[in-house]
Amino acid sequence: MEHVNLLGLADFNLVARHGGFGRAARATGRPKATLSRRVSELEVVLGLRLFERGARDLKLTEEGRALYERTAVLLTELDETASAVASGSDRPRGRLRISAPLLFSQTAMGKLAAGFAQQYPEVRLEVTADDRAVDMVEEGYDLVIRVNPRADENLVGRAFLHDRLVVVAAPAVARPAGGSAAPAVVRGSADPLTSWEVTTASGQSTIAIDPVLSLSSIVMVRDAVRLGIGAARLPLSVVSHDLTAGRLVHWADVEGPDTVLWTLYPSRRLLSARVSAFLAYLKKAFPQGTPDELAAFID
């Protein structure tokens, strides 16, 4: 097989990103005929059809999508590396798009983003709070932060923060005795639990609960628990200050594995200076990755 032409691969990525030859030509000022010829030559070299050419639209084939996902970020980073070498600088610069979980975004990401922006003023940081599993390539993210993510062969990652769930309540809320149910504030109403499996100093046990309030966010649950409506399972980092101040009382640790936050990025040999800088910044912010370090960001 002939060698793949890098210019042809770059033009294929332009067309794929803009969704058509005409759109790519208008966005870049490149001749439409040149883009079409380069993509056709690439298809011949690869022996694959990369686009389904309809009367009005252009869609990536399965093979085309796979090629785009594997080469888009790499080509961008090669271009950035060449620009950095040409300018004699490898300082992080350009746009950095990050998707992060809602709770982490609400409690810590604002301060983290501001500190990072001050340290790297040439980086344009964009953070989106989202709990869903975004498609990094399709949606243009450089880095995602996720809680206990599933394994993905297309992504690599680093665990940078650990947290755990604890059962807490206001001091005025009596702990259940004799198997009676404790009033509870729960997150979400789907498949409601009737008890919590917990660990105390005396070993494993069960707390029977009566869900008196269902709320959709952890911050809402914490605020309700502070007012004494009932007990709740909450991340230790979120209630650490309340426990220290005596506004809440620790009943037990929730049985089960820790909550682990990961940074994920496409699996590749090159890593942009922007992503590397943000990973290093997170490591500095959370050197041990403990709940107490996250609690320091929470008001």
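Above this text you will find the structure in question.
Residues numbered from 1 in each chain as written. Predicted model: local features only at pLDDT ≥ 70, side-chain atom pairs only at ≥ 80, totals over all residues. Heavy atoms only, no water.

A.B. asks: So what exactly am I meant to see when it comes to the sheet that holds strand E3 (residues 94–100) here?
C.D. replies: Hydrogen bonds between backbone groups are what pair the strands of a sheet, and the pairing can be parallel or antiparallel. In spatial order, the strands read E4-E3-E5-E13-E6; together these five strands make up an open sheet with mixed pairing. With partners counted over all chains shown, the strands left at the sheet margins are strand E4 (123–129) and strand E6 (155–163), one partner each. Pairs of neighbouring strands in the sheet enclose a mean axial angle of 20°, with direction left out of account. One ladder, built from four bridges, connects strand E5 (residues 143–147) with strand E13 (residues 259–266); its direction is antiparallel. Bridging across to E13, Ile-145 finds its partner in Thr-263. Here helix H5 (residues 102–119) sits on the sheet and contacts E3, E4, E5, E6 and E13; the angle it forms with E4, its principal contact strand, is near 170°. Here helix H9 (residues 273–285) sits on the sheet and contacts E3, E4, E5, E6 and E13; the angle it forms with E3, its principal contact strand, is near 50°. (Pairing = 2+ DSSP bridges. Helix = DSSP H or I, 4+ residues; strand = E, 2+ residues; numbered from the N terminus. Axes fitted to C-alpha atoms, helices over the stretch in contact; angles between N-to-C directions. Contact = heavy atoms within 4.5 Å.)

A.B. asks: I would appreciate a short explanation of the sheet that holds strand E10 (residues 203–215) in the present structure.
C.D. replies: Strand order in this open sheet of six strands is E8-E10-E9-E12-E7-E11, and the pairing throughout is mixed. Edge positions in the sheet fall to strand E8 (182–187) and strand E11 (232–235), since each has one partner strand and no second. In this sheet, neighbouring strand axes are inclined to one another by 55° on average, regardless of whether the strands run parallel or antiparallel. Looking at chain direction, strand E9 (residues 195–200) and E10 are connected through six bridges and run antiparallel. If you follow Ser-195 over to E10, its bridge partner there is Ala-208. Packing against the sheet, helix H8 (residues 236–245) makes contact with strand E7 (165–169), E11 and strand E12 (249–254), and its axis sits at approximately 100° to E11.

A.B. asks: Whenever I open this one, helix H7 (residues 218–226) confuses me. Can you help?
C.D. replies: An α-helical turn contains 3.6 residues, so a residue and the one three or four places further along point in the same direction. When H7 is considered as a whole, its buried residues turn out to be Ile-218, Val-221, Arg-222, Ala-224 and Val-225. Angular distribution of buried residues about the axis of H7 spans 165°; they occupy a single face of the element. In this structure, the buried residues of H7 make contact with H5, E7, E8, E10, E11 and H8. Of the residues trailing H7, Gly-228 is marked for its positive phi of about 85°. (Buried < 20%, exposed > 50% of the residue type's maximum accessible area, 1.4 Å probe, protein only. Arc of directions from axis to C-beta.)

A.B. asks: Can you help me understand the nonpolar core in this one?
C.D. replies: As a rule of thumb, soluble globular proteins bury nonpolar side chains together. The biggest cluster of nonpolar side chains holds 40 residues, and the ones touching the most others in it are Phe-104, Leu-112, Phe-116, Ile-145, Phe-160, Phe-278 and Phe-286. The dominant element in this core, judged by the number of residues it contributes, is H9, at six residues. Every residue in contact with Ile-145, bar those within four places of it in the chain, is listed here: Ile-98, Ser-99, Ala-100, Pro-101, Phe-104, Met-109, Phe-160, Leu-261, Trp-262, Thr-263 and Phe-278. (Core = buried A, V, L, I, M, F, W, Y, C linked by side-chain atoms within 4.5 Å.)

A.B. asks: Got a minute to help me understand the pairing of E3 in this structure?
C.D. replies: Looking down a regular strand, the side chains alternate between one sheet face and the other. Burial within E3 is extensive, with five of its seven residues counted as buried. Where E3 and E4 come together, seven bridges link them in parallel fashion. Opposite Ala-100, over in E4, you have Ala-129 as the bridge partner. In this region the chain leaves E3, passes through H5 and returns to the parallel neighbour E4; the handedness of that crossover is right-handed. The sheet contact formed by E3 and E5 spans two bridges and is parallel. Residue pairing for E5: Ser-99 is matched across the bridge by Val-144. (Right-handed = clockwise from strand over helix to strand, strands pointing away.)

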